[in-house]
Amino acid sequence: MYELFIVLYLLVALALIVLVLIQHGKGADMGASFGAGGSATIFGSSGTGNFLTRTTTVLATLFFALSLLLGNLSTDRVKAVDEWQDLSVPVDAKAVDAVEEKKPASDIPVGN
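Predicted, not measured: the structure shown is a model, and the values here were computed from it.

Rules used in this analysis
Residues numbered from 1 in each chain as written. Predicted model: local features only at pLDDT ≥ 70, side-chain atom pairs only at ≥ 80, totals over all residues. Heavy atoms only, no water. Helix = DSSP H or I, 4+ residues; strand = E, 2+ residues; numbered from the N terminus. Buried < 20%, exposed > 50% of the residue type's maximum accessible area, 1.4 Å probe, protein only. Contact = heavy atoms within 4.5 Å. Phe/Tyr/Trp six-rings, centres within 6.5 Å; stacked < 30°, edge-to-face > 60°. Patch = residues over 30% accessible without salt bridge, like charges linked within 9 Å, V, L, I, M, F, W, Y side chains within 5 Å. Areas by Shrake-Rupley, 256 points an atom, 1.4 Å probe, with all protein chains shown as cover. Salt bridge = Lys/Arg side-chain N within 4 Å of Asp/Glu carboxyl O. Expected span 1.5 Å × (residues − 1). Arc of directions from axis to C-beta.

Q: Mind showing me how you'd approach the side chain of T56 here?
A: Among the secondary structure elements, T56 is positioned in helix α2 (residues 49-75). We classify T56 as buried; its relative accessible area is 15%. Beyond its immediate chain neighbours, meaning those up to four positions away, T56 contacts L16, L19, V20 and Q23.

Next up, the structure:
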């Protein structure tokens, strides 16, 4: 279930980015008075403003809702720790005895 929400979150984020990049700013309408206007637009005479604005609003709301949902789902998750990150390896008593037997007597400090 968590993975499904992650994939949906990614798709909504990408769609939101694309929609924001497609939209033109308020200053872009200035070129329409000098002959660069698009009277033959795909979305009708009102332009893309209403369609893109509504779609962006819906995607932004969905993005924030998914963010909150994923935040709630991930708070109770425990991060898996692999064996290389866990440095508290138990010491084997036989290995300690074998190391002590290999030490020469001259290495052992004498307390005088």
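Q: What am I meant to see in the environment of A13 here?
A: With respect to the helices, strands and loops of the structure, A13 is situated in helix α1 (residues 2-22). A relative accessible area of 19% places A13 in the buried class.

Q: Got a minute to help me understand the packing of aromatic side chains in this structure?
A: For any pair of aromatic rings, geometry is given as the distance between the ring centres together with the angle between the planes. A full pass over the atoms with the stated rule returns two aromatic pairs. Considering the side-chain rings of F63 and F64, the 5.9 Å spacing of their centres and the 70 degrees angle between planes classify their relative orientation as edge-to-face. Relative accessible area serves as the criterion here: at 55%, F64 is assigned to the exposed category. Three or more aromatic residues joined by ring pairs form one cluster here, namely Y9, F63 and F64.

Q: Is there a simple way to explain a nonpolar patch on the surface in this structure?
A: Taken together, the side chains of L10, L14, I17 and L21 make up a nonpolar region of the molecular surface, amounting to roughly 430 Å² of accessible area. Following the sequence through the fold, L10 ends up in helix α1.

Q: Is there a simple way to explain α1 in this structure?
A: Note on helix geometry: an α-helix contains 3.6 residues per turn, so any two residues three or four positions apart are oriented the same way. Taking 1.5 Å of rise per residue, the 21 residues of α1 would be expected to cover 30 Å, and the 30 Å separating its terminal C-alpha atoms lies within 8% of that figure. Three or more residues of α1 are buried, namely F5, V12, A13, L16 and L19. Looking down the long axis of α1, one finds its buried residues gathered within 130 degrees of arc, a one-sided arrangement. Set apart from the buried face of α1 by more than 90 degrees, the exposed residues are E3, L10, L11, L21 and I22.

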